[in-house]
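Reading the structure
Now for the letters of each chain:
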Amino acid sequence: MSINASGWKPNIGDGQGDHERPSFTGNRALMLEEPLIFEIGDTERTGVDLADAPAANAVDRLGALLRSAPIGLPGLTEPETVRHYTRLSRQNYAIDLGLFPLGSCTMKHNPRLNEKMARLPGFADLHPLTPIEQCQGALALIHLVGEWLKALTNMPAIAMSPKAGAHGELCGLLAIRAAHEARERAGGAARRTVLVPESAHGTNPATAAFCGYAVESIPATGDGRVDLAALKAKLGPDIAAVMITNPNTCGLFERDMIAIADAVHAAGAYLYCDGANFNAIVGRVRPGDLGIDAMHINLHKTFSTPHGGGGPGAGPVVFSQALAPFAPLPFVEKQGDRFVLVEEETAQAEHHGDAFGRMVAFHGQMGMFVRAAAYMLSHGADGLRQVAEDAVLAANYVLRSLEDVLEAPFAASGPCMHEALFSDEGLADGFSTLDIAKALIDEGFHPMTMYFPLVVHGAMLIEPTETESRATLDQFIGALRSVAERGKAGDPTLQQAPIHAPRRRLDETLAARKPVLVWREQPDAAVAAE
Amino acid sequence: MRYLPLQDGDRAAMLARIGAGSIDDLFVDVPEAARFEGPIADLPMHAPEMAVERQLAGLARRNLAAGEAPFFLGAGAYRHHIPASVDHLIQRGEFLTSYTPYQPEIAQGTLQALFEFQTQVARLLGCDVANASMYDGSTACWEAIGMARRITRRGKAILSGGLHPHYVSVCKTMARFTGDQLATGVPRLDGTAEQEIARLIAAIDGETSCVVVQNPDILGRVADLSELAEACHAKGALLVAVVTEPVSLGLIRSPGEMGADIVAGEGQSIGVGLNFGGPYVGLFATRERYVRQMPGRLAGETVDAAGKRGFVLTLSTREQHIRREKATSNICTNSGLCALAFSIHLTLLGEAGLRRLASLNHARTVTAAERLAALPDVERVADPFFNEFTLRLPKPSRPIVRAMAARGVLGGVSLGRLYPGQSALETGLVVAVTETVSDEDIAALADALGEALS
């Protein structure tokens, strides 16, 4: 059965811009249009040779549970499949192609050794419920990564299971809430509010609200940092926790962090640190020395596990002594030469009565732990320190090379950490950060983070990372300088950008107003083809 | 260091441009008490690729991989053969090393693949729409309960005893903090799936937000959910169906067809390896009218400035980066690369291939079930089943599993491990049989189990 009898023809557009020559296919040399699988596949075609189907009566016992109606899943043979996805891949920008300066995302090189190690059958082909004696190597690896993260942060405990940064935040906040509940059982008053700086990632307030807390915002000082006096004024018996990102989302180190921690603890609250920007300080600052109580670590940022077009990530959480008893199940313990997995709630009741239950099925993102282990062992303690230094050096190099042409709101207050922040001030009327970003696409670069943090107008947040050469940094600086100058001069071609990408600017309003979230056959097209 | 392009000359020139005397000048904002001098003690220094490979391969060798043994483990993670082209394609750098597609003009590859994934998942699960994936099945299950609460404005969910115990545990963890009420149960070796459904139907009342039921369930039993769906809808509740083995849907009617309002699933068994439990890929699908209450990322179709079809992330007003504390979920990421692997594998299979794969799984399982139930004092308790069934052994199953593993047979998952402290379940052994299992493997399991029991 064919799913689309008509065959799909790309709309080649109205010919505006740089490619008005006629085209039969809609393709332009290496830039190849690709239809959807539903438009090229059919339900009888397959790219997998399986053993002959069993006799029909083999499924008799399923009776009325058997499917009768078609599902509508198109198949392709292997060559067609390889070509389809290879063509799609070429419509993506990637770190492997060039600088990917998304602020707060730490898009660094993803070493291929990590991939090779994660595919060793002893890790990749290992079932999560393998008996404990037959998975000692896997438990040892989880333990190894945990020990590294504890040493790098100078924190005594860790939960490895959270699946991503936001999931780690949730884990940290749940532990904080569990700790407060334990205090309440001992007669303490309930605390209902979490304080979050204005500049925080959106996940911070979303996580706090999910945990049942009211969220209040902490104002920033003129130099882009948490206002300590304002924070102290808000601290009180109702505050459960303060969530701080350090280095913060303006790319700055919170100079008052130790004073913040002292004030938070004096008020009976816990200090949660968003570790998204750990790359700036790994090996040079141990967050435990700053007085934090919990911090998640994005293995897909600092420890180079690939972002994969939006996950999977991994977000282990380190805990202070005060919160350690409240970490979730499961966890790995070393007992002599042996590793055990503490997973059952009964075992928990014996030794770990305050731990809250599971956050995930099984034990977390093992594939990411293997990659992170390969990265840590490759760099060593010395290499990781160099990572932080080179990342900070690269960001300051970008900041000082562009502050004469782009407004850098906090540049006067001193060096930045791993990312450089600019605003849209000085662009000509009608020109925006979006225009700058889209013009960078035509220059062959992925744009910076746009319009975040919210505390700076038209924010452009640039995180070059340590894995870029000086030549690449210089080329990026030159490109952004050129684009910024055009934006200040009001060059109208900037507003057309990008013109060389696989697509021009996309209509996001239309997408949200009339959501088309799955492919459906167009009856008109099928008729027209006949 | 092989991953760091800057050389000392570069560093000096860059410091000069910055106007800093040394790298320490860039860290002046760190309070003095927290400045850490020198590399951290107790951790090794940098190592060449070969040394790292040797160390990690040594750890990998201390595990018994599924492919090295007669292998029958399931209970939420399944071993299927994955075509070589799947792993090749997801390792293309343009997929592997790209970010969340926030700049759609240069991320059409990821966005189109997600749009295709959403369509495949919606069709497979029998729903109108699906999202671009969740962390895994257990977190998707919890998100479904939260979504049902938002839709029905009720806070009481009823969880079937056949739901994977780890999923129940995740839901309990979350509910403790959100205030949702959960009625949970455990499976019964002496009961049928129909009896469990009748129990669930009797428990639905005017406060019930949803009933959560897994199909096939933790014991491997398959049931028709239609009557349960009708009972839910009659009381204004939603039916949440959980699927941990999506290959079953090549043979069995989908949860959507049976009337489920939300389907949460674990997609690992299509395209994603066992990976000792992660990363996996959560599936999430629902009815069109509930789409604005759905958590997670969504890719949608639109046009570009030149009128060409293209794809973007859409309906982001539900999400945390826009809504902050009012978002439907705090989720920021999905499981993009695993979703891609799922989609590629399902494209290679196609409908005909998936149906055949499912039939092969079922036929192998029937063969194994008959062989094992012929052992003395061993009873099969689940029927009908798809590719997994439960045996009741004459003694506790956990030591039996360990004994079989010691002789190189990974013979199943003991209910004693999944339900510690539940003595009624301690003799249960869950056995999964996929197309990767040979006749020799089945014979090896029969021998090992017979010997361990004797």
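What you see is a predicted model; the values in this text were computed from it and never measured. (Residues numbered from 1 in each chain as written. Chains lettered and ligands numbered in written order. Predicted model: local features only at pLDDT ≥ 70, side-chain atom pairs only at ≥ 80, totals over all residues. Heavy atoms only, no water.)

Let's talk about the overall build of chain A
Quick note on the threshold: For helices the rule is a DSSP run of H or I covering at least 4 residues; for strands it is a run of E covering at least 2, with both sets numbered from the N terminus onward. The globule rule used for comparison is 2.2 Å times the number of residues to the exponent 0.38, while the radius of gyration itself is calculated over C-alpha atoms. Throughout, a contact is declared for two residues whenever any of their heavy atoms are within 4.5 Å. Using a 1.4 Å probe, the Shrake-Rupley method yields the accessible areas, and only the shown protein chains count as cover for residues.
Secondary structure assignment for chain A yields 15 helices and 12 strands. Here the C-alpha atoms of chain A give a radius of gyration of 26 Å, agreeing with the 24 Å that 2.2 N^0.38 yields for 530 residues. Here the C-alpha coordinates of chain A stretch approximately 75 × 75 × 45 Å along the principal axes. In chain A, 71% of the contacts between residues at least 6 apart in sequence involve partners at least 24 apart. Accessible surface computed for chain A: about 17,400 Å², of which carbon and sulfur atoms make up 52%.

Concerning the overall build of chain B
Counted only if it meets this: Each residue is assigned to one of three classes by its accessible area relative to the maximum for its type, calculated with a 1.4 Å probe on protein chains only: buried under 20%, partly exposed between the two thresholds, exposed over 50%. Two residue types count as positive, namely Lys and Arg, and two as negative, namely Asp and Glu; His and chain ends fall outside the count. To locate a charge, the coordinates of NZ of Lys, CZ of Arg, CG of Asp or CD of Glu are taken.
Of regular secondary structure, chain B possesses 14 helices and 13 strands. Computed over the C-alpha atoms, the radius of gyration of chain B is 25 Å, within 12% of the 22 Å expected from 2.2 N^0.38 for a compact globule of 454 residues. Its C-alpha atoms give chain B principal-axis dimensions of about 80 × 55 × 50 Å. Taking all 454 residues of chain B together, the buried fraction comes to 68%. Excluding contacts between residues fewer than 6 apart, the proportion of contacts in chain B whose partners are at least 24 apart in sequence is 72%. Here chain B has roughly 14,100 Å² of accessible surface; of this, 49% comes from carbon and sulfur atoms. Positive and negative side-chain charges of chain B, numbering 43 and 50 respectively, have mean locations separated by a distance of 3 Å.

What about the packing of helix H11 (residues 366–402) of chain A against helix H1 (residues 8–18) of chain B?
Just so we agree on the cut-off: Each axis is a line fitted through C-alpha atoms, and for a helix only the stretch in contact is used; angles between axes span 0 to 180 degrees, taken between their N-to-C directions. Orientation is classified from the angle alone, with under 35 degrees giving roughly parallel, over 145 giving roughly antiparallel, 65 to 115 giving roughly perpendicular, and any other angle giving oblique. Each helix crossing is assigned a hand: it is left-handed if the near helix lies turned anticlockwise from the far helix by less than a right angle, otherwise right-handed if that turn is clockwise.
Axis separation between H11 of chain A and H1 of chain B bottoms out at 9 Å; the angle between their running directions is 45°. Relative to H1 of chain B, H11 of chain A is oriented oblique. Handedness of the crossing formed by H11 of chain A with H1 of chain B: left-handed. Taking contact as the criterion, the partners of Gln386, Asp390, Leu393, Ala394, Asn396, Tyr397, Arg400 and Ser401 of chain A in H11 of chain A are, on H1 of chain B, Arg11, Met14, Leu15, Arg17 and Ile18 of chain B.

Structural notes on the domain arrangement of chain A
To be explicit about the condition: Boundary definitions for the domains trace back to an automatic or database domain assignment.
One can read the domain layout of chain A as domain 1 (34–52 + 71–91) and domain 2 (140–374). Once you take the C-alpha centre of each, domain 1 of chain A and domain 2 of chain A turn out to be 43 Å apart.

Quick word on the packing of aromatic side chains
As a reminder, the rule being used: Here a pair means two rings of Phe, Tyr or Trp (six-membered ring of Trp) with centres within 6.5 Å. Their orientation is stacked below 30 degrees between planes, edge-to-face above 60, and tilted elsewhere. Note on criteria: charge over ring means Lys NZ or Arg CZ within 6 Å of the ring centre, with the direction from the centre no more than 35 degrees off the ring normal.
Under the definition given, this model contains 11 aromatic pairs over all chains. With centroids separated by 4.7 Å and ring planes inclined at 40°, the aromatic side chains of Phe115 of chain B and Phe311 of chain B adopt a geometry described as tilted. Of this pair, Phe115 of chain B sits in helix H5 (residues 108–125) while Phe311 of chain B sits in strand S9 (residues 309–313), placing them 196 residues apart in sequence. The pair Phe115 of chain B / Phe311 of chain B is uniform in exposure class, with both members buried. Aromatic ring contacts, followed pair by pair, group Phe278, Phe303 and Tyr375 of chain A into a single cluster. Between Arg284 of chain A and the ring centre of Phe27 of chain B, over which it is positioned, the NZ or CZ distance is 4.2 Å.

Things to note about the sheet that holds strand S12 (residues 460–462) of chain A
Defined as follows: The criterion for strand pairing is that DSSP finds at least two bridges linking the strands in question.
The three strands are arranged S10-S12-S11 (chain A) in an open sheet whose pairing can be described as antiparallel. Bordering the open sheet on either side are strand S10 (420–422) and strand S11 (449–450) of chain A, each of which pairs with just one other strand.

A short note on the pairing of strand S3 (residues 214–218) of chain A
All names here are of chain A. The condition is simple: By the criterion used throughout, a crossover qualifies as right-handed when its path from the first strand across the helix to the second strand runs clockwise, the strands pointing away from the viewer.
Sheet analysis places strand S2 (residues 193–197) next to S3, joined by five bridges and oriented parallel. Paired with Val196 across the two strands is Ser217, which belongs to S3. Note that the unit made of S2, helix H7 (residues 203–210) and S3 has a crossover that is right-handed.

Thoughts on the interface of chain B and chain A
The condition is simple: Buried area: the accessible area, evaluated with a 1.4 Å probe, that two parts lose upon being put together, summed over both parts. Here, a salt bridge means any Lys or Arg side-chain nitrogen found within 4 Å of an Asp or Glu carboxyl oxygen. As used in this structure description, the phrase polar contact means that two N or O atoms lie within 3.5 Å; if the pair is within protein, one of them must be able to donate a hydrogen and the other to accept it, and residues adjacent in sequence are counted only when both atoms belong to side chains. In this classification, the charged set is Asp, Glu, Lys and Arg, the nonpolar set is Ala, Val, Leu, Ile, Met, Phe, Trp, Tyr, Cys and Pro, and all remaining amino acids, among them Gly, are polar.
With 195 residues of chain B at the contact, the number on the chain A side is 216 residues. Summed over both partners, the interface of chain B with chain A comes to about 17,900 Å²; 62% of that surface belongs to carbon and sulfur atoms. Arg255 of chain A is paired through a salt bridge with Asp29 of chain B; the nearest N and O atoms lie 2.7 Å apart. At the junction of chain B and chain A, the tally comes to 95 residue pairs in polar contact (both at pLDDT 80 or more). Its residues assigned to classes, the side of chain B that touches chain A shows 101 nonpolar, 52 polar and 42 charged.

Quick notes on unusual backbone geometry
With an omega of -10°, the peptide bond running from Leu329 of chain A to Pro330 of chain A counts as cis. Structurally, Pro330 of chain A is set in the loop between strand S7 (317–319) and strand S8 (331–335). Each neighbour pair has its own omega, and for Asn215 of chain B with Pro216 of chain B the value is -10°, a cis peptide bond. With respect to the secondary-structure elements, Pro216 of chain B resides in the loop between strand S4 (208–214) and helix H9 (226–234). Located in the positive-phi region is Ser104 of chain A, a residue other than glycine, with phi close to 75°.

Digging into the environment of Pro255 of chain B
Residues and elements named next belong to chain B. Along the chain, Pro255 turns up in the loop between strand S5 (238–243) and strand S6 (262–266). Given the relative accessible area of 3%, Pro255 is considered buried. Separated by 41 residues in sequence, Pro255 and Gln214 have C-alpha atoms that sit 9.6 Å apart. Each residue touching Pro255, except ones within four places of it in the same chain, is listed here: Leu125, Ala241, Val243, Leu249, Ala260 and Val263.

Some words on the pattern of salt bridges
Evaluated as defined, the whole model comprises 57 salt bridges over all chains. A salt bridge links Glu389 of chain A to Arg385 of chain A; the shortest N-O distance between them is 3.6 Å. Of this pair, Glu389 of chain A and Arg385 of chain A both sit in helix H11, four residues apart, roughly one helical turn. In this structure, Glu389 of chain A and Arg385 of chain A share a single accessibility class: buried. Between Asp224 of chain B and Arg253 of chain B there is a salt bridge, with its nearest N and O atoms 2.9 Å apart.

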